[in-house]
Amino acid sequence: MKNKYINILLIIIALLLAQNIKAQIVIGEEKLEVNYAAPKEYTIGGITVTGTQHISTSMLISISELRVGNKIEIPSDKIKKAIENIWKQGLFEDVKIVSNRIHNDQIFLDIIVTERPRLSKFSIVGVRKGEATDLRDKLKISRGDVVTENLINRVSNTIQKHYKNKGFSATKVNIVQVEDTSLKNFVDLKISINKGKKVRIEKINIYGNDKLSQTAIKSAMKKTKEAGKYNFLKFTNQTIYSAFYHLFDNSINELPNTVNDLADQNIKVRVFKGSKFLEKDYEEDKQNIIRKYHNHGFIDAHITEDTVYNINKQRLNIDLHVNEGNKYYYRDITFAGNTKFNSEELASFISIEKGDVYNLEYLETVLNFNPTGVDLMSLFADDGYLTCNIEPVIMGVENDSIDMQIRIREGKQMRINKVTVSGNTRTNDGVIIRELASRPGQLFSRSDVLRSRTSLSQLKYFNAETMGITPTNIDPNNGTVDIAYSVEETSSDQLELSGGWGFRRFIGTLGVSFNNFSTKKFFKKESWKPIPSGDGQRLSLRGQSYGRGYYSISASFVEPWLGGKRPNQFSVSIYNSNLTHNYKEAKEDWIQYNILGFSVGLSRRLNWPDNYFSFFHSLNLQQYRLRNYTPYLAVLDGNGLYQNYSYTIGLSRYSNDAPIYPRVGSEFSVSVEATPPYSIMFPNAYEQKSNVDKYRLVEFHQWKLNATFYQQIVGDLVLMVRTKAGFIGKYNPDLNITAFNRYVMGGDGMSGYGYIDGRQVIGFRGYENESLTTTKKGASIYNKSTLEIRYPLTLNPNSTIYASIFVEAGNTWDKIKDYNPFNVRRSAGVGLRVYLPMFGLLGLDWGYGFDPIPGMPSANKGQFHFSINSSID
């Protein structure tokens with residue numbers, strides 16, 4: 001109690017003393033006494049600012065919140081607050097407020113500041129020039145910026161974060177300010193960077209795992225890998241069988257034993273994967289581990305502990321402790337909320353049976369997105385239920401069994417109200433809209449939307465990587481939705497300009513293709529920029545020559561929507577080639593080979609079996625005028641006129657997701673070209689003809705098959721499988737197969753003046769040109785199969801580049817009795833493709849042939865091949 005009274009007494013004494021505390025402040029030549037216990041009130045008579053160079057004085061006074069005419073006590077918290085307001089701007093090194101003078105009850109204040117220096121320029125040292133350029137874009141600082149502590153810290157943190165994302169976790173940054181003597185209060189920043197060494201993951205240790213191996217767990221970590229290890233990509237028997245299923249039309253049981261043995265194995269392709277440690281990737285990979293367990297039925301699995309620790313300056317280890325829990329199986333699956341489809345129909349689509357292992361990834365795939373088949377969401381979305389929601393709910397767990405209910409909220413069927421297109425600067429709206437499968441008034445269908453995307457990609461006018469499709473203005477009350485398509489124009493016109501050496505001469509080629517031409521605008525002067533475009537028509541012109549002795553010219557035109565209402569593609573082409581020895585025509589040994597060709601075709605897109613199919617047919621005319629050309633044609637007289645009138649009919653299907661670098665989809669075409677069977681129609685007249693005249697009207701029937709399949713393996717890594725075959729037959733057994741239009745195989749696959757007789761060139765990497773066709777007149781049968789793994793280096797539409805490894809097998813035969821699809825030549829190699837909009841797809845391949853060619857010892861000893869527009873395929 002005594003201490004309590006003493007404390008109260010001391011407080012009272014202190015308060016009494018405080019009433020008499022006074023101080024003196026010098027103002028000009030006057031002295032102002034300030035009593036902190038009894039502040040005196042003044043009116044602010046004026047405010048001035050001293051020390052500013054780049055900042056408005058009025059703005060600074062406004063920030064201080066001091067106003068002329070306002071009352072202020074001296075001393076006062078308002079002065080302190082004004083200083084704080086100015087200081088918070090981060091623009092000054094020093095701030096103070098003083099009084100210039102006092103007149104009666106008015107006080108005049110001066111805000112005195114010292115500005116921070118501004119940036120004149122900055123330099124980056126310690127890293128390569130290219131790295132410094134990248135950093136300049138990231139730092140986002142420029143001349144005139146105020147050099148604050150915040151700016152210095154931001155620059156340092158940005159650089160450290162940049163290099164940490166590249167695996168340099170110990171990067172050091174030193175920033176020095178150097179005064180710029182040419183400018184007052186400006187400084188240069190010298191940014192010195194020491195990246196240090198990359199910190200890599202030495203070892204990932206897994207503890208507590210019993211049901212899944214360490215290899216399986218580590219493979220789930222997509223980006224966090226051990227140093228010096230390979231990331232293996234597996235091609236399982238399922239992948240192999242899927243590829244051959246598409247290739248051989250489900251005839252797996254008839255394949256040779258070597259293929260079946262191959263399909264029973266797991267093939268691994270080694271792909272280097274970086275071992276740098278990134279915190280964000282590591283956190284994602286921990287979730288990937290849990291997801292891996294969930295996909296194997298372990299829904300209780302979790303990581304109990306994880307530790308990341310350095311073992312030296314360049315290496316670290318990761319310890320992961322897992323608790324796997326029990327493995328669970330499906331017991332009962334029910335559906336709730338479904339009215340459009342009954343439960344039995346839905347159960348048949350998801351294909352999950354009682355006793356199956358719980359697999360989260362498969363469940364999500366069959367419910368919401370299945371890239372290779374039908375899922376439940378697509379069933380509803382294809383019938384207008386855009387807002388449908390499907391949610392799996394675990395209703396009960398007993399021992400190792402799960403009861404699951406799949407809850408479906410169908411919502412209301414949505415109809416398309418409006419379809420809009422944006423981003424097309426050259427292509428007319430009508431060209432885009434006619435390719436869209438989704439139209440106003442129709443029920444919304446996800447399949448139609450995806451089909452529209454494929455159709456637009458196949459036009460090759462737009463960047464497939466940036467194409468956007470967005471449902472907008474979704475109105476559940478009215479049941480309407482708008483669909484907005486956004487595109488980015490790319491250059492589709494192509495120029496072919498090349499030169500080569502052949503026939504002991506230099507051969508030049510010049511060609512141009514206008515792939516978005518417009519005949520409607522041809523006579524409109526303002527449309528020539530440089531050519532009239534926008535209507536989706538294609539005009540191609542090409543010429544080749546080495547001088548007076550040889551020329552070849554061709555022209556073609558394609559109208560993809562004849563009449564403008566239906567996708568009926570009309571095409572017409574004409575070409576003329578002439579080869580002569582450079583002698584005067586009057587000489588007896590003068591040699592000439594002239595061919596005139598003309599064709600007209602019509603292709604129609606079908607709606608059955610689906611709208612990826614097209615039915616096409618064409619009429620073709622070829623006239624060959626020969627003089628002294630006997631050495632080149634084994635069964636004909638090398639003089640006179642030979643005529644080929646044929647009709648082609650075919651069926652094709654094209655469903656690739658992108659024209660340049662497809663990841664999924666397929667290409668299929670089968671066609672028959674036939675001439676009238678003159679020798680059978682007019683047998684008596686043929687009997688009276690000479691052996692030479694019997695071939696003046698060329699007769700044959702030709703069958704062609706081309707099937708290509710694309711499958712996305714992981715990410716952008718793609719497997720491509722292709723098979724091609726051709727057969728030329730005859731109607732009359734007493735006549736030889738035509739000497740025109742035969743097959744030659746081997747090499748780069750590019751045809752030129754050397755094939756003026758209409759030979760069809762089949763590229764085959766790893767062998768010399770024509771080396772797989774042993775007869776000079778060409779073959780009547782061929783087949784070729786290719787398996788290729790592709791990976792893109794860049795998917796920029798202005799310069800798409802991808803690399804590949806390939807294996808090929810194929811051969812040619814002259815007679816049907818000699819045909820054996822398993823007696824083939826084989827090769828393997830690597831390749832590179834570069835797509836430039838102006839020049840098309842350019843290729844460079846190196847291949848090695850495994851099978852020697854009799855009489856040609858160097859034909860298969862490793863070959864480089866150059867190709868244009870996939871001529872080698």
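The rules behind each value
Residues numbered from 1 in each chain as written. Predicted model: local features only at pLDDT ≥ 70, side-chain atom pairs only at ≥ 80, totals over all residues. Heavy atoms only, no water. Helix = DSSP H or I, 4+ residues; strand = E, 2+ residues; numbered from the N terminus. Buried < 20%, exposed > 50% of the residue type's maximum accessible area, 1.4 Å probe, protein only. Contact = heavy atoms within 4.5 Å. Areas by Shrake-Rupley, 256 points an atom, 1.4 Å probe, with all protein chains shown as cover. Patch = residues over 30% accessible without salt bridge, like charges linked within 9 Å, V, L, I, M, F, W, Y side chains within 5 Å. Salt bridge = Lys/Arg side-chain N within 4 Å of Asp/Glu carboxyl O. Lys, Arg positive; Asp, Glu negative; His and termini not counted. Charge placed at Lys NZ, Arg CZ, Asp CG, Glu CD. Pairing = 2+ DSSP bridges. Axes fitted to C-alpha atoms, helices over the stretch in contact; angles between N-to-C directions. pLDDT = per-residue confidence, 0-100. Polar contact = N/O pair within 3.5 Å; in protein donor to acceptor, adjacent residues only side chain to side chain. Phe/Tyr/Trp six-rings, centres within 6.5 Å; stacked < 30°, edge-to-face > 60°. Arc of directions from axis to C-beta. Core = buried A, V, L, I, M, F, W, Y, C linked by side-chain atoms within 4.5 Å.

## Quick word on the overall build of the protein chain
Consideration 1: The secondary structure content of the protein chain amounts to 16 helices and 38 strands.
Consideration 2: Counting all 873 residues of the protein chain, 43% fall into the buried class.
Consideration 3: Within the protein chain, contacts between residues at least 6 apart in sequence are counted, and of these 60% link residues at least 24 apart.
Consideration 4: Working note: accessible area of the protein chain is about 46,800 Å², and carbon and sulfur atoms make up 52% of it.

## With respect to a positive patch on the surface
Consideration 1: There is a patch of like positive charges on the surface, built from Lys138, Lys140, Lys161, Lys166 and Lys280.
Consideration 2: With respect to the element layout, lysine 161 can be found in helix 5 (residues 149-164).
Consideration 3: By relative accessible area, which is 59% here, lysine 161 ends up exposed.

## Considering the sheet that holds strand 14 (residues 315-323)
Consideration 1: Overall, mixed pairing links the three strands, which are arranged 10-14-13 in an open sheet. Both edges of this open sheet fall to strand 10 (200-207) and strand 13 (302-310), since each of them pairs with a single strand only. The sheet shows a mean angle of 15° between the axes of neighbouring strands, direction not considered.
Consideration 2: Sheet analysis places strand 13 next to strand 14, joined by eight bridges and oriented antiparallel. Of the residues in strand 14, the one forming a bridge with tyrosine 309 is asparagine 317.
Consideration 3: In the packing of helix 9 (residues 279-294) onto the sheet, contacts are made with strand 13 and strand 14, and the angle to strand 13 comes to roughly 145°.

## Let's talk about the confidence of the model for the protein chain
Consideration 1: Taken as a whole, the protein chain shows an average pLDDT of 84; of its residues, 87% reach a score of 70 or greater.
Consideration 2: Within the protein chain, the element-level pLDDT minimum falls on helix 8 (residues 257-263), averaging 36, and the maximum on strand 31 (residues 717-729), averaging 97.
Consideration 3: Considering only residues more than four positions removed or in separate chains, one finds that residues 12-31, a stretch of pLDDT under 50, has 26 contacts.
Consideration 4: Here residues 230-272 is a poorly scored stretch, pLDDT under 50, and it has 57 contacts once near neighbours within four places are set aside; other chains count.

## A look at the pattern of salt bridges
Consideration 1: Summed over the entire model, instances satisfying the criterion amount to 31 salt bridges.
Consideration 2: Taking the shortest distance from any N to any O, the salt bridge between arginine 315 and glutamate 202 comes out at 3.1 Å. Of this pair, arginine 315 sits in strand 14 while glutamate 202 sits in strand 10; the two residues are 113 residues apart in sequence, bridging distant segments of the chain.
Consideration 3: Residue classification places arginine 315 among the partly exposed positions, given a relative accessible area of 27%.
Consideration 4: Residue lysine 286 pairs with glutamate 283 through a salt bridge whose shortest N-O separation is 3.3 Å. Of the two residues, lysine 286 and glutamate 283 are both situated in helix 9; the distance of three residues between them amounts to about one turn of the helix.
Consideration 5: Owing to a relative accessible area of 12%, lysine 286 belongs among the buried residues under this scheme.
Consideration 6: Connected through salt bridges with shared partners, the residues Arg765, Lys784, Glu788, Arg790, Glu808, Arg833 and Asp845 form a single ionic network.

## Details of the side chain of aspartate 319
Consideration 1: Within the secondary structure, aspartate 319 is located in strand 14.
Consideration 2: One buried charged residue, aspartate 319, forms no salt bridge at all, with the nearest opposite charge on lysine 203 at 9.5 Å.
Consideration 3: Among the polar contacts listed, one links the side chain of aspartate 319 to the side chain of tyrosine 309, at a separation of 3.3 Å.
Consideration 4: Residues within four places of aspartate 319 in sequence aside, it is in contact with Asn205, Tyr207, Glu305, Asp306, Thr307 and Tyr309.

## Digging into helix 10 (residues 343-350)
Consideration 1: Its side-chain oxygen at 3.1 Å from the backbone nitrogen of glutamate 344, asparagine 342 defines the N-terminal cap of helix 10.
Consideration 2: Looking one or two places after helix 10, you find serine 351, whose phi comes out positive at around 55°.

## Here's the deal with the sheet that holds strand 3 (residues 40-50)
Consideration 1: Strand order in this open sheet of four strands is 4-3-6-5, and the pairing throughout is mixed. Either end of the sheet is taken by a strand with one partner, and the two such strands are strand 4 (71-74) and strand 5 (92-103). Mean inter-strand twist for the sheet, computed between neighbouring axes without regard to direction, equals 45°.
Consideration 2: Bridge count for strand 3 against strand 4 is four bridges, and the pairing is antiparallel. Counterpart to glutamate 41 in the pairing with strand 4 is glutamate 73.

## A few points about the packing of aromatic side chains
Consideration 1: One pass over the full model with this rule turns up 20 aromatic pairs.
Consideration 2: Where tyrosine 163 meets phenylalanine 168, the ring centres are 6.0 Å apart and the plane angle is 85°; that geometry is what we call edge-to-face.
Consideration 3: Ring plane angle 50° and centroid distance 5.4 Å describe the contact between phenylalanine 277 and tyrosine 282, whose orientation is recorded as tilted.
Consideration 4: With a relative accessible area of 1%, tyrosine 282 lands in the buried category.
Consideration 5: Aromatic ring contacts, followed pair by pair, group Tyr593, Tyr624, Tyr642 and Phe740 into a single cluster.

## Structural notes on helix 2 (residues 57-64)
Consideration 1: Here helix 2 has its buried residues at Leu60, Ile63 and Ser64. Projected down its long axis, helix 2 carries its buried residues within an arc of 100°, all on one side.
Consideration 2: On its buried side, helix 2 packs onto strand 3, helix 3 (77-87), strand 5 and strand 6 (106-115).
Consideration 3: In the segment just after helix 2, glutamate 65 is the residue with positive phi, at about 65°.

## A closer look at the environment of glutamine 643
Consideration 1: Mapped onto the elements, glutamine 643 comes out in strand 28 (residues 640-654).
Consideration 2: For the pair glutamine 643 and isoleucine 595, spaced 48 residues apart in sequence, the C-alpha to C-alpha distance is 9.7 Å.
Consideration 3: With near-sequence residues (within four places) excluded, glutamine 643 lies in contact with Gln622, Gln623, Arg696, Leu697 and Val698.
Consideration 4: Within the structure, the side chain of glutamine 643 is placed 3.4 Å from the side chain of glutamine 623, a separation counted as a polar contact.

## Focus: unusual backbone geometry
One can expect most non-glycine residues to show negative phi and most peptide bonds to be in trans.
Consideration 1: Cis geometry is adopted by the peptide bond preceding proline 530, which originates at lysine 529 and carries an omega value of -5°.
Consideration 2: Looking at where proline 530 falls in the secondary structure, it is placed in the loop between strand 22 (505-517) and strand 23 (537-547).
Consideration 3: Phi is positive for serine 351, which is not a glycine, with a value near 55°.
Consideration 4: Counting through the fold element by element, serine 351 comes out in the loop between helix 10 and helix 11 (360-368).
Consideration 5: For serine 351, a relative accessible area of 42% gives the class partly exposed.
Consideration 6: Non-glycine residue asparagine 399 carries a positive phi angle of around 55°.
Consideration 7: Relative to the elements of secondary structure, asparagine 399 occurs in the loop between strand 16 (389-398) and strand 17 (401-409).

## Overview of the nonpolar core
Consideration 1: Core analysis: the biggest nonpolar cluster contains 29 residues, and Tyr593 and Tyr624 have the highest contact counts within it.
Consideration 2: Elements with a contribution of two residues or more to this core: strand 26 (592-605), strand 27 (613-627) and strand 32 (743-745).
Consideration 3: Residues Phe341, Leu360, Val366 and Phe380 belong to the second largest nonpolar core, which totals 25 residues.

## A few points about the pairing of strand 3
Along any regular strand the residues' side chains alternate between the sheet's two faces.
Consideration 1: Across seven bridges, the pairing between strand 3 and strand 6 is parallel. Along strand 6, the bridge assignment pairs threonine 43 with glutamine 106.

## Considering the environment of leucine 278
Consideration 1: Relative to the elements of secondary structure, leucine 278 occurs in the loop between strand 12 (267-272) and helix 9.
Consideration 2: What makes leucine 278 buried here is its relative accessible area of 14%.
Consideration 3: Measuring from C-alpha to C-alpha, the distance between leucine 278 and lysine 166 comes to 8.0 Å, with 112 residues separating the pair along the chain.
Consideration 4: Excluding its chain neighbours within four sequence positions, the residues that come into contact with leucine 278 are Lys164, Asn165, Lys166 and Gly167.

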